[in-house]
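# Examining the three-dimensional arrangement
Each chain is listed here by its residues.
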Amino acid sequence: MARALLISPSYFIFFIFLIFSFAKIPVFGEEYSYVKHVNPKKMKMLKEKLSHFRLYWHDILSGSNPTSIPVVKPVSNSSTFFGSISMIDNPLTIGPKLSSKMVGKAQGFYASAGQENFGLLMVMNFAFNDGKYNGSTFTVIGRNDVFSKVREMEIVGGSGLFRFATGYVQAKTYMFSINGDAIVEYNAYVLHY
């Protein structure tokens, strides 16, 4: 029969004291060597502005130069194409015609994420190549219920002139063809510095 090990309360307290005397317990508000506070003015974050962009997103599946390519096929028994993923490099133009001035590309992917309802998970950067926004991007992520008249998705960040960007986009289908090509009007409201 095993005997229970009995420790007196004073030894127990001494043992706990030894453990905690060697442990470093962080104190609330303690500054760490890998973090420092930055003055926003030094990063040219002077005044936040709200910009509205109206752009046309061209999703081209047909022809010899598609801008949207399926990379994962849907599950075989799905009426909503559940599981399918397409990579995109879609032109962003200032008008609904593809011949309109192109100001950037929407680069990323969309995936069919609904089993019962047709809804897309959209993850894309709006990468600009025109004027003062050349080289700047903002990132759009969200659910796109493609059968709704207007869909809203989040702007969750950016680069260049869109550093620290937040906001939202509203997408509205302008044209959808039988071969799957689509033109979508995007109204983006971007808070940035």
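Residues numbered from 1 in each chain as written. Predicted model: local features only at pLDDT ≥ 70, side-chain atom pairs only at ≥ 80, totals over all residues. Heavy atoms only, no water.

## Topic: the pattern of salt bridges
This structure, assessed with the given rule, holds 3 salt bridges. Notably, a salt bridge pairs Lys105 with Asp89, separated by 3.3 Å at the nearest N-O pair. Placement of the pair is Lys105 in strand E4 (residues 102–112) and Asp89 in strand E3 (residues 85–93), with a sequence separation of 16 residues. Looking at Asp89, the relative accessible area reads 31%, which means it is partly exposed. Between Lys101 and Asp130 there is a salt bridge, and its shortest N-O distance comes to 3.1 Å. On the criterion of sequence distance, the pair formed by Lys101 in the loop between E3 and E4 and Asp130 in the loop between strand E5 (120–128) and strand E6 (137–144) is long-range, its members being 29 residues apart. Residue class for Lys101 comes out partly exposed when judged on its relative accessible area of 46%. Owing to a relative accessible area of 27%, Asp130 belongs among the partly exposed residues under this scheme. (Salt bridge = Lys/Arg side-chain N within 4 Å of Asp/Glu carboxyl O. Helix = DSSP H or I, 4+ residues; strand = E, 2+ residues; numbered from the N terminus. Buried < 20%, exposed > 50% of the residue type's maximum accessible area, 1.4 Å probe, protein only.)

## Remarks on the pairing of strand E8 (residues 166–176)
Sheet topology places strand E7 (residues 151–159) next to E8; 5 bridges connect them, and they run antiparallel. Within the sheet, the bridge partner assigned to Met153 lies in E8 and is Val169. Counting the residues that bridge the hairpin from E7 to E8 gives 6 residues, and of these Gly160 lies at a positive phi of roughly 65 degrees. As judged from the 10 bridges shared by E8 and strand E9 (residues 182–192), these two strands associate in the antiparallel manner. Within E9, the position partnered with Ala171 by the bridge is Tyr186. (Pairing = 2+ DSSP bridges.)

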